[in-house]
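Spelled out, the chains give:
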There are 2 protein chains.
Amino acid sequence: MIIDLKTAAKFLENNDDFLILTHAHPDGDTLGCGFALCEALKSCGKNAIVRCGDTAPEKYSYMGKLCEEDIEYENIIAVDVADAKLLGKEFEERFGGRVKLCIDHHGSNRLYAEQTLLDPSAAAACEIILEVIKELGVEVTKSIADCIFTGLSTDSGCFRYSNVTPRTLRMAAEMIESGADHSKINVIMFETKTRTYVALERLALESMKMFLDDRCAFITITRDMFRESGSDESEVDAIAAIPRQIEGVSVGVTMREKPDGTFKVSMRTHEGVDASAICAMLGGGGHPRAAGCTVDGDAQNARNLVVSCIEKYFKEELNS
Amino acid sequence: MIIDLKTAAKFLENNDDFLILTHAHPDGDTLGCGFALCEALKSCGKNAIVRCGDTAPEKYSYMGKLCEEDIEYENIIAVDVADAKLLGKEFEERFGGRVKLCIDHHGSNRLYAEQTLLDPSAAAACEIILEVIKELGVEVTKSIADCIFTGLSTDSGCFRYSNVTPRTLRMAAEMIESGADHSKINVIMFETKTRTYVALERLALESMKMFLDDRCAFITITRDMFRESGSDESEVDAIAAIPRQIEGVSVGVTMREKPDGTFKVSMRTHEGVDASAICAMLGGGGHPRAAGCTVDGDAQNARNLVVSCIEKYFKEELNS
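Residues numbered from 1 in each chain as written. Chains lettered and ligands numbered in written order. Predicted model: local features only at pLDDT ≥ 70, side-chain atom pairs only at ≥ 80, totals over all residues. Heavy atoms only, no water.

As a further point, take helix 12 (residues 299–319) of chain A. For helix 12 of chain A, with 21 residues, the first-to-last C-alpha span of 30 Å sits near the 30 Å given by 1.5 Å per residue. Looking at the buried side of helix 12 of chain A, the elements it contacts are strand 6 (209–211), strand 7 (216–221), strand 8 (251–257), strand 9 (263–269), helix 11 (275–280) and strand 11 (290–295) of chain A. (Helix = DSSP H or I, 4+ residues; strand = E, 2+ residues; numbered from the N terminus. Expected span 1.5 Å × (residues − 1). Contact = heavy atoms within 4.5 Å.)

Right, here's the structure in full:
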């Protein structure tokens, strides 16, 4: 059931002992939501903990500590979790069917919780959490402000993406006024690269080839490149943004070799080119500007196959 | 003479025929200031043009067109120009001594104009221009909003730098509400790289070496690398941000070979390391987090010299 802000706040006011769950592979938004809500509930005299099916990357540690003890509370809240599957396998099995309140900003939310507070216009789930905190009448402390700012900033590419609204920016302004250390947070999130990432990026740029009158830029990352750089697949997402950034390119492709020898394709496009339609030709899917698929074969055959699908898409577009 | 907002607005209201000057090598902030102020003055029934000692990069063309005819008006306004020298050699000689009003946000402003409206707390000079436009009672149109948003966004690294204040973010929110195409502007400014830049970045990453227990990352760009990539010095600034971004690095150095064979050093540091103090050892200077100097010798000697100065600085810090 979809509920409104007041109903969500009432649920929090009328209950106690909250188990707040973030999604697996936690990011700045889900952790910011979890820790900000947890502190707000505690300041209302409630008992609350934050848990996650995975450990949180060290760079987020300034926001708080996940509860590592196996504690269960009956009032389970999922934050920024669009689907019970995203809790991770173990947590999905244990908690997925018993979530009482989900607070989320994904239009694709599966409505798996008893009650869902959903606002797809929010650039970050932290925007909704801040509204909940205000509805509860809780003061926004420096630590809450750090958490909320982190969610706003990380889910919007530091206010760069098209999901940013005037509300996002005004909330960020408020959080700075409440003490958020925006400058430090942005350095950690956007101005820090690991050495293994830089090494992988270098190899990725060396591998880049241009196709289709330079409208397609194609990066191929092999297992050898992971080994040479000391990096792993977790660092590929940032690289996947690069090929589309090149002037004149409308389709950027980053293809990484999986341990089983297949290739996972990440496609990013500019307006006017439907990445999900192209990836669908190869059995994949996704969003219009960002989609993916998996292809077999050696690197060169796999690349040729993907490029031929992009070419086919361009020709069909031309004829339609 | 330093003046306040009301005095600046009165000057604009009581005069006509304005020649607005941006700084040479124009960027998003100075051009945003120029075109926004020009449109505002025209909407007050005034005559105004924007000129610059250089041509403007094509990517800024959506904001307006610089006047290319050699027109002079008596009421000269300089926007985002901290020093008459920054008008460029020709414009400095012709106009530098006759600027009636300077609107700027650089604390280092030389107060070369008759009247200066200065706010060093502004992340972008466009923040001050927006206040002037409001003081004039002019409606913020979509085209003014695009100009002001561009200045706010480009001078703050898309709201990432420490110069961002709540006012910066609130003004950006307002500009979006007034029609600024924030998403398109951010793609042009922050998600678009030329092929020559990408080629130079690849070579720069290949050249990167670590020193001083990995606290210093050092990029060397030679004339050969400019030739091989097809790039030039105008694209080095973006690369200069890279070495400091590496985890654990507190001093990032990017050294480029000049046509005369000397090396220009760009140093970026994290808090706690004074780049201007290190560059001063080599006859240079700048700000605490960003400074520069010029060194002679072949690439390896030049690099060793810079690294030895950083080492000396670290040792002195340790002993102080």
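All names here are of chain A. Taking 1.5 Å as the rise per residue, helix 6 (residues 166–177) with 12 residues should run 16 Å; its terminal C-alpha atoms sit 17 Å apart, in good agreement. Considered for burial, the residues of helix 6 that qualify are P166, T168, L169, M171, A172, A173, M175 and I176. A positive backbone phi angle near 110° is found at G179, which sits one or two residues after helix 6. (Buried < 20%, exposed > 50% of the residue type's maximum accessible area, 1.4 Å probe, protein only.)

For the rest of this paragraph, the subject is the relation of the copies chain A and chain B. The operation relating the pair of chain copies consists of a rotation about an axis and a translation along that axis. The transformation that overlays chain A on chain B combines an axial shift of 0.0 Å with a rotation of 180°, and the residual RMSD is 0.2 Å. Both chain copies can therefore be described as sitting about a two-fold axis. When the interface residues of chain A are mapped onto chain B, 100% of them again fall at the interface, so both copies present the same face. (Least-squares fit on C-alpha atoms with pLDDT ≥ 70 in both.)

As a further point, take the pattern of salt bridges. Summed over the entire model, instances satisfying the criterion amount to 52 salt bridges over all chains. Across the pair E174(A) and K134(A) runs a salt bridge whose closest N-O atoms are separated by 2.8 Å. Placement of the pair is E174(A) in helix 6 and K134(A) in helix 4 (residues 125–135), with a sequence separation of 40 residues. You can call E174(A) partly exposed: its relative accessible area is 26%. With a relative accessible area of 40%, K134(A) lands in the partly exposed category. R98(B) is paired through a salt bridge with E72(B); the nearest N and O atoms lie 3.2 Å apart. A residue pair is termed long-range when its members are at least 10 positions apart, and R98(B) in the loop between helix 3 (89–95) and strand 4 (99–104) and E72(B) in the loop between strand 2 (48–51) and strand 3 (75–79) qualify at 26 residues. (Salt bridge = Lys/Arg side-chain N within 4 Å of Asp/Glu carboxyl O.)

Turning our attention to the sheet that holds strand 4 of chain B. Residues and elements named next belong to chain B. Taken together, the five strands give an open sheet; going across it, the order is 2-1-3-4-5, and neighbouring strands pair in parallel fashion. Of all strands in the sheet, those with a lone pairing partner are strand 2 and strand 5 (115–118), marking the two edges. The sheet shows a mean angle of 20° between the axes of neighbouring strands, taken without regard to direction. Pairing of strand 1 (residues 18–21) with strand 2, which is carried by four bridges, proceeds in the parallel orientation. Looking at the pairing, L19 lines up with I49 of strand 2. Across the sheet, helix 4 (residues 125–135) lies against strand 3, strand 4 and strand 5, angled at about 115° from strand 4, the strand it touches most. (Pairing = 2+ DSSP bridges. Axes fitted to C-alpha atoms, helices over the stretch in contact; angles between N-to-C directions.)

Core analysis: the largest hydrophobic core is formed by 114 residues, its most contacted members being L12(A), L37(A), I148(A), L12(B) and L37(B). Apart from the residues within four sequence positions on either side, L37(B) is in contact with L12(B), I20(B), I77(B), V79(B), I103(B), I129(B), V132(B) and I133(B). (Core = buried A, V, L, I, M, F, W, Y, C linked by side-chain atoms within 4.5 Å.)

The subject of this paragraph is the environment of A240(A). All names here are of chain A. Along the chain, the position of A240 falls in helix 10 (residues 236–240). Expressed as a C-alpha distance, the spacing of A240 and D146, which sit 94 residues apart in the sequence, is 28 Å. Those residues within four positions of A240 in sequence are excluded, and the remaining contacts are T254, S266 and R268.

Looking now at the sheet that holds strand 5 (residues 115–118) of chain A. Adjacent strands of a sheet form backbone hydrogen bonds with each other and so pair up, either parallel or antiparallel. Residue and element names in this part refer to chain A. Taken in spatial order, the five strands line up as 2-1-3-4-5 in an open sheet, and their pairing is parallel. For this open sheet the edge positions go to strand 2 (48–51) and strand 5, each flanked by a neighbour on one side alone. Mean inter-strand twist for the sheet, computed between neighbouring axes without regard to direction, equals 20°. The strands touched by helix 2 (residues 28–43) within the sheet are strand 1 (18–21), strand 2, strand 3 (75–79) and strand 4 (99–104), with strand 2 carrying the most contacts at an inclination of about 170°.

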